[in-house]
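# Breakdown of the fold
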Amino acid sequence: MRKKLDVLYVTHDSLLEGIGMSQIVPVLIGLSEAGWNVGVISCEKILATQSLQGRLNNAGVRWKILKFGRVGAFGGLGRLIRLSFNLPRANAYHCRGDLAAVACVLRHRSNILWDVRGLWIDQKLVIGSISKNVLIIWAARKLERIASLNAKAVTTLTKAVYPVLQRRNPRITNFHEVIPTCTDLVKFTFQEKLPANRNLLLS
């Protein structure tokens, strides 16, 4: 039987897409290299995962892959249920977004870090990716409320997001930190000196 994980990263998005590869994967590998017993569960849109699977295996990261399924509200509900029923046990859960956090709550998991990447439903309404359906908005706000009540800690991309969450969810934890982004420091090395001048022409 495998040892219980120290940390499980939970996301309803794909590791194979931009943010997964550029931010999540380096964090997982970094934690594993630091001696943590780390795992991740994600919902993948494509099955060409062998290369990344090998990379994570070599780093000692356990990866549980679920099918992404449909898009839209019903697809999101499906991912929430699949995540919840397939959660490996861990001492702590890093939950990327509302669905991931609620999936942990449904399985009575504790020590949830709610990684708020943005005001999820607000963003979708602004860009028009969902209809302004009262029932969908109510359900999304309910998910946010559940996540806020059960998270032991919260991270946001900017300082501006947390006061909005506090107004909407007065019982949210005060254990909050702003973490703007993560960068793979192997691929993007720090340069103390600015590079030589470059001219850029924008039409």
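Let me sum up the structure you'll find in this document. The structure presented is a predicted model; accordingly, all values stated were derived computationally and were not measured. (Residues numbered from 1 in each chain as written. Predicted model: local features only at pLDDT ≥ 70, side-chain atom pairs only at ≥ 80, totals over all residues. Heavy atoms only, no water.)

### Remarks on the packing of aromatic side chains
Within this structure, the stated rule accounts for zero aromatic pairs. The ring of Phe68 carries the charged tip of Arg79 above its face, separated from the ring centre by 3.9 Å. (Phe/Tyr/Trp six-rings, centres within 6.5 Å; stacked < 30°, edge-to-face > 60°. Lys NZ or Arg CZ within 6 Å of the ring centre and 35° of its normal.)

### Let's talk about the packing of helix α5 (residues 120-127) against helix α6 (residues 134-150)
Remark: α5 packs on α6, axes separated minimally by 9 Å, with the N-to-C direction vectors making an angle of 150°. With respect to their mutual orientation, α5 and α6 come out roughly antiparallel. Residues Trp120, Ile121, Asp122 and Leu125 of α5 form the contact with α6, whose own contacting residues are Ile137, Ala140, Arg141 and Leu143. Grouping the amino acids of the contact of α5 with α6 by side-chain chemistry returns six nonpolar, no polar and two charged. (Axes fitted to C-alpha atoms, helices over the stretch in contact; angles between N-to-C directions. Helix = DSSP H or I, 4+ residues; strand = E, 2+ residues; numbered from the N terminus. Parallel < 35°, antiparallel > 145°, perpendicular 65-115°, else oblique. Contact = heavy atoms within 4.5 Å. Nonpolar A, V, L, I, M, F, W, Y, C, P; charged D, E, K, R; others polar.)

### Regarding the pairing of strand β6 (residues 153-156)
Looking along a regular strand, one sees the side chains alternate between the two faces of the sheet. Neither face of β6 is open: one carries Ala153 and Thr155, the other Val154 and Thr156, and all of them are buried. Summarising the sheet, strand β5 (residues 112-116) and β6 pair through four bridges and their orientation is parallel. The residue bridging Leu113 from the neighbouring strand is Ala153, located in β6. As paired elements, β6 and strand β7 (residues 176-178) share three bridges and run parallel to each other. For Val154, the partnering residue across the bridge sits in β7 and is His176. (Buried < 20%, exposed > 50% of the residue type's maximum accessible area, 1.4 Å probe, protein only. Pairing = 2+ DSSP bridges.)

### Notes on the nonpolar core
With 33 residues, the main nonpolar core has Leu8, Val10, Cys95 and Trp114 as its most contacted residues. Counting only elements with at least two residues in this core, the list comes to β1 (5-11), β2 (38-44), α3 (72-85), β4 (90-96), α4 (98-106), β5, α6 and α7 (161-168). The element best represented in this core is α4, accounting for seven residues. Excluding its chain neighbours within four sequence positions, the residues that come into contact with Val10 are Ile41, Leu83, Leu87, Tyr93, His94, Cys95, Arg96, Ala100 and Cys104. Counting residues in each nonpolar core, the second largest holds 13 residues, with Tyr9, Val25, Val38 and Trp63 among its members. (Core = buried A, V, L, I, M, F, W, Y, C linked by side-chain atoms within 4.5 Å.)

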